Amino acid sequence: MWVYGIDSSFDELTLDEARTLKAAGVQVFAQCLWTGIKQPSTRITSLSNAQAAGLATIGYISVSNNGRAGVWHVDSARMGIPDVVWNRLVKVPVDVELTNLSFDTHVKSALARVAALGKPCDVYTSYH
């Protein structure tokens, strides 16, 4: 099943923009929670505005090979997100786009941590 959605990393979504997107038929708003290095500063405001406008929300977590396991990346992404925002996230996919990742160390452990935090296990990736 396909749905009309939009993805944001560092661009802040205002409530007016979220309402305009909803009126235009957008159903899902995806927000990067962790780049593999840092948290986008706009993530909580954007997710809160998307949720207030009635959009389903997704928060994806990028993992990188920086000497840390996938669990650390997930915990870094979860840190600072209010429970009310986290609980309304429909999915929290693990973003796997780098070629130097270990399946067990980075991907599998991140997915297990996402599941332990009560979210479905999903992978977000690119063609390559």
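Residues numbered from 1 in each chain as written. Predicted model: local features only at pLDDT ≥ 70, side-chain atom pairs only at ≥ 80, totals over all residues. Heavy atoms only, no water.

1. Remarks on helix α5 (residues 103-116)
Under the convention used in this document: The helix count covers DSSP runs of H or I at least four residues long, the strand count covers runs of E at least two residues long, and both are numbered beginning at the N terminus. Under the convention used throughout, the expected extent of a helix is 1.5 Å for every residue step, that is, one less than its residue count. To obtain the bend at a residue, axes are fitted to the seven residues ending there and to the seven starting there, and the angle between these axes is taken. When a residue's accessible area, from a 1.4 Å probe over protein chains only, is under 20% of the maximum for its type it is buried; when over 50% it is exposed; and in between it is partly exposed. Every residue pair with non-hydrogen atoms within 4.5 Å of one another is taken to be in contact.
Over its 14 residues, α5 extends 18 Å from the first C-alpha to the last, a length consistent with the 20 Å expected when each residue adds 1.5 Å. Ser-109 marks where α5 bends most, by close to 25°. Taken as a whole, α5 has its buried residues at His-106, Val-107, Ser-109, Ala-110, Leu-111 and Val-114. On its buried face, α5 sits against β3 (56-62), α3 (70-78), β5 (94-96) and β6 (123-125). Looking at the residues trailing α5, positive phi occurs at Gly-118, about 90°.

2. Here we look at a negative patch on the surface
Put simply, the test is: Each patch is assembled from residues with relative accessible area greater than 30% and no salt bridge, linking like charges that lie within 9 Å and nonpolar side chains (Val, Leu, Ile, Met, Phe, Trp, Tyr) that lie within 5 Å. Note that accessible areas follow from Shrake-Rupley with a 1.4 Å probe, and for residues the cover is restricted to the protein chains shown. In what follows, salt bridge is the name for a side-chain nitrogen of Lys or Arg lying within 4 Å of a carboxyl oxygen of Asp or Glu. Positive charges come from Lys and Arg, negative ones from Asp and Glu, while His and the chain ends are left out of the count. For this purpose, a charge sits on NZ of Lys, CZ of Arg, CG of Asp or CD of Glu.
A cluster of acidic side chains, namely Asp-11, Glu-12, Asp-16 and Glu-17, defines a negative patch on the protein surface. Turning to its location among the elements, Glu-12 is positioned in the loop between β1 (5-8) and α1 (15-23). Judged by relative accessible area, which is 38%, Glu-12 ranks as partly exposed.

3. Some words on the pairing of strand β2 (residues 28-34)
We apply this condition: When the strands point away from the viewer, a crossover counts as right-handed if the route from the first strand across the helix to the second turns clockwise. Pairing between strands requires that DSSP locate at least two bridges from one strand to the other.
The buried fraction of β2 is high, at seven of seven residues. Remark: the β1/α1/β2 crossover connection has right-handed handedness. As paired strands, β2 and β3 are joined by six bridges and run parallel to one another. Looking across to β3, one finds that Gln-31 is bridged to Gly-59. A crossover links β2 with its parallel partner β3, the connecting element being helix α2 (residues 43-52), and its sense is right-handed.

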